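# Results of the structural survey
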Amino acid sequence: MNNPKLSIVDLTKRYAPGLDPAVDCLSMSVEEGHLVALLGPSGCGKTTTLRMVAGLMDPTSGSIMVDGKDITQTPVHKRGMGMVFQSYALFPHMDVAQNVAFGLQMRKVGSKEQNRRVVEALDLVKLGHLAGRQVKELSGGQQQRIAIARALVVEPTLLLLDEPLSNLDAKLRENMRTEIRSIQQRTGATTLFVTHDQDEALDMADRIAVMNGGIIEQYGAPAEVYERPQTHFVADFIGQANFFASAVVADDGAAADGERSYVVDVDGFGRFGAVGAAGLAGSTHEIVVRPHRLKTSLQQPAGPFIEGVIERVSYTGDSLSLGLRAGGKELLSQMPTASSGIPRLGQTAYLSWDPADAFIIPGTAGIPHGTERPATADALAAQDVA
Ligand SMILES: Nc1ncnc2c1ncn2[C@@H]1O[C@H](COP(=O)(O)OP(=O)(O)O)[C@@H](O)[C@H]1O
Ligand SMILES: [Mg+2]
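About the thresholds
Residues numbered from 1 in each chain as written. Chains lettered and ligands numbered in written order. Predicted model: local features only at pLDDT ≥ 70, side-chain atom pairs only at ≥ 80, totals over all residues. pLDDT = per-residue confidence, 0-100. Contact = placed C-beta atoms within 7 Å. Pairing = 2+ DSSP bridges. Helix = DSSP H or I, 4+ residues; strand = E, 2+ residues; numbered from the N terminus. Axes fitted to C-alpha atoms, helices over the stretch in contact; angles between N-to-C directions. Expected span 1.5 Å × (residues − 1). Buried ≥ 20, exposed ≤ 12 C-beta atoms within 10 Å, placed from the backbone. Arc of directions from axis to C-beta.

It is worth spelling out the confidence of the model for the protein at this point. For the protein, the mean per-residue pLDDT works out to 91, and 94% of the residues sit at or above 70. The low-confidence segment residues 367-377, where pLDDT is below 50, has 18 contacts with residues more than four positions distant or belonging to other chains.

On to the sheet that holds strand β4 (residues 61-66), then. Taking strand neighbours across the sheet as the criterion, the four strands line up as β2-β1-β4-β5 in an open arrangement whose pairing is antiparallel. Each having just a single partner strand, β2 (23-30) and β5 (69-70) make up the two edges of the open sheet. Helix α1 (residues 46-54) rests against β1 (6-13), β2 and β4 of the sheet, and its axis sits at about 120 degrees to β1.

With 14 residues, helix α3 (residues 111-124) should cover 20 Å at 1.5 Å per step; its first-to-last C-alpha distance of 20 Å lies within 8% of that length. Within α3, burial applies to Gln 114, Arg 117, Val 118, Ala 121 and Leu 122. Seen from one end, α3 has its buried residues packed into an arc of 135 degrees, which puts them on one side. Opposite its buried face, α3 presents the exposed residues Lys 112, Glu 113 and Asp 123, each directed more than 90 degrees away. Count one or two residues on from α3 and you reach Lys 126, which has phi positive near 60 degrees.

Okay, the sheet that holds strand β17 (residues 319-326) next. Strand order in the open sheet formed by five strands is β15-β19-β16-β17-β18, and the pairing between neighbours is antiparallel. The open sheet has two edge strands with one neighbour each: β15 (295-297) and β18 (329-336). With strand direction ignored, the average angle separating the axes of adjacent strands in the sheet is 40 degrees. One ladder, built from four bridges, connects strand β16 (residues 306-315) with strand β19 (residues 348-352); its direction is antiparallel.

Below is the structure:
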C-alpha cells in the first residue's frame, strides 16, 4: 500500500503488569477511503485497538500514524476522529440538530456554516425532516443514524465505529448495514468498524482484520479470508466449515492464481484433490471444505467419496442443510431442494468435492510424514493454537 491513511505499528496494550496483553504487537495499514472491519470474538481486543486509535487510551507501546504523521502522543481532541458507539451516546437534553451541531460548536465553526453542515449531515442520513425532534422521540435506528451524522459532520480524519448495530433488531440491522456502507462510500470516509458478526464484516468491509487473543490472524479482502483462510481459527470463525486432517501426498501441478493442486490423504477417508500454496507436499495439514461446496448425493459418485449417514435435515426452501455422521465425524453439507423430495434421516449420502473447493490451510501444523501425526483435525487445531 503506497500512502496508507492509517498505519498501526506494533501496537500493544497491557491493562496491568503481569496481565496478558489485550492487544499484542498489532500492525496494520488502512487505505484511504476503505472500510476496514476489526472482526473477532468478544474479548479479542477490538475495542481496545479502536480506543487507542481514537486517543481515548494510551498504548503500552507501539505507534499510530495518520497520513504518515505519528499521532501516538496527540490528545484525543486534536485527532479529529469521528466516533460512534454501540450505545449511541446522544445528548438527551438536546434536539437532533443540536446533537449534530455539537462538534462544530466545539470547533468554533461560525453559526451560518454550522447550519449548512448540519442540514447536509442530516440529509446524508435521510433524517433532515427530524431536525427539531427530541432525541427520546427517535427510534433506535434513527438514533444510530443521528450518531453517524454527528460523527461525520466534522469531516473526521477517520470514522471509528464500535459495534454500532448490535443494539438494533435483526431486520433494522441489515438495513443499517447497507445504509452505513452507502454513507461511507459517498463521503469517502476512511472507516474502522468493530464487529463480532462475520456476516456484517463480509457484507460491509473492503478489508477484514480477523482478530483472536489480541493479534490479527489474517488481514484481507472478504473473499480472501473466506476462501483462503490462513489458520484454523479464521476458517472456523468465518462461515461454516468441515475440517479434515490430511497428509499432503503429492504435488499434482499448477492450479489457478499461483496455487498448486495436490493429492491429499484424508484421515480415514482415502485420497482426494485439494488446492493450496506451493511447497506443502510431504506435510500434514488441515483442509477446509465449506458445506455448500461439499457435493452431496444419494447415489454413489464415480470419483472418491465419503459415505455418511444423514442425522439432521433442515429445509430452508432454496436448500437443504444436512448434518451427517461419517467415520465418527460430524459433517455439514448443503444441497439444492428438488421437487422429488427430502432425504430421510438415517439414509446414506455420498460426499465429494471438486479439488478447487478444498483448501489446504497453511497455518495448521505441518508435520513431516513418518513422524507421529495427530489423528484428528481437532488435535491439529490444538497445535495450531499452541
Ligand atoms: N479496563 C480494562 N481493564 C482490564 N482489562 C480490560 C479492560 N478493558 C478490557 N480488558 C480486557 O482486555 C481484553 C480485550 O478487551 P476488548 O478490547 O474490550 O475486547 P473486544 O472489544 O474485542 O470484545 C479482554 O480480555 C478484556 O477483558
Ligand atoms: Mg468491544
